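This is what each chain is made of:
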Amino acid sequence: MNSVHDMGGMHGLGPIAPETAEPVFHHVWESRMLAINIASPTRSNIDAGRHRRERIPGPDYLQMSYYEKWYAGAVEGLLSNGLVSPEELASGKAAPDAPKATPRLSPDEVEAALSSRGSYLREVADKPLFRAGDTVRARNINPLGHTRLPRYARGRIGTVVRSHGAHVFPDSNAHGKGEDPRPLYTVRFSARELWGETAEARDSVCLDLWEPYLERA
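The sections below set out a description of the structure shown in this document. (Residues numbered from 1 in each chain as written. Predicted model: local features only at pLDDT ≥ 70, side-chain atom pairs only at ≥ 80, totals over all residues. Heavy atoms only, no water.)

1. Side note on the overall build of the protein
Move 1: Check the secondary structure of the protein and you find eight helices and six strands.
Move 2: Taken from the N to the C terminus, the helices and strands of the protein come in the order α-α-α-α-α-α-β-β-β-α-β-α-β-β.
Move 3: When the backbone C-alpha atoms are referred to their principal axes, the protein occupies close to 60 × 45 × 35 Å.
Move 4: Counting over 217 residues, the protein shows a buried share of 31%.
Move 5: Counted over contacts in the protein with a minimum sequence separation of 6, partners at least 24 positions apart contribute 64%.
Move 6: With the model as given, the accessible surface of the protein reaches about 14,100 Å², and the carbon-plus-sulfur share is 53%.
Move 7: Positive and negative side-chain charges in the protein, numbering 27 and 28 respectively, have mean positions lying 4 Å apart. (Helix = DSSP H or I, 4+ residues; strand = E, 2+ residues; numbered from the N terminus. Buried < 20%, exposed > 50% of the residue type's maximum accessible area, 1.4 Å probe, protein only. Contact = heavy atoms within 4.5 Å. Areas by Shrake-Rupley, 256 points an atom, 1.4 Å probe, with all protein chains shown as cover. Lys, Arg positive; Asp, Glu negative; His and termini not counted. Charge placed at Lys NZ, Arg CZ, Asp CG, Glu CD.)

Pasting the structure below:
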C-alpha cells in the first residue's frame, strides 16, 4: 500500500493524542462490529480483509474511526462475495428466498474462537536465504496492491535478528492468488537509518518482513 493507509512514519498528520482510560469500545455498535467480523465467512482470509480496508478512499479513511473502517470492509466483503445483496444490506433483513447458509460459528464455539490463535506458519522445502546476523536491505518496491512492507523501511539497511520459518505471504493471499508461503524474519533497523541523524542513536525498530521484501546489503 502506498497511500494514507500506510501511516507509519508519515509526516503531516498531526500529533498522536492517546485517550486517557480509553474504553475497549466507545459505542455498543463497535462490539457488534467486532462480533460480525469474527463470525463472518470472509474472515478465513485476513489479508483480503485488510486489503478491503485499504481500498477505502483516502479522505474517507482519515475521517473514519477504527470500527467504521471495519464496517466498510465487512460490507464490501459481504457484497463482493455474494453473501448479501444490496437490497438486503439496505433493509437489514434477509430476502425471503435467500438460501440459508450454515453459520460459521455456533454460540458454543464463540469462546474458543476468541481465546485461541490460528497459525500462518507453513512447511516449505526451500531453505531460507538469510539467517540471524545477516545485513539486509528492504527492497524499494511500490506495489499497487496489498503489502506488509512499510514505506518508511523501503531502501533501508537492517540486521536479521530472527528467522520464523515460512508463513503465508500476504501480498499473494490478499488477492486470491494462494498462500504462497515465504520465509519470515525479524529485522532490526536503527532509528537513524530510518529517520536520519535527528533520531536517538540508541533507538531501533524491529519489523517482521517476508523474504521477497529483502535483499543482501
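Now, onward.
2. Some words on the environment of Gly 73
Move 1: Position of Gly 73 relative to the elements: it lies in helix α4 (residues 66-80).
Move 2: Once the C-alpha coordinates of Gly 73 and Ile 56 are considered, the two residues, 17 residues apart in sequence, prove to be 8.0 Å apart.
Move 3: Not counting residues within four places of it along the chain, the set of residues in contact with Gly 73 comprises Arg 52 and Arg 53.

Limitation: the analysis is restricted to geometry and does not speak to function.
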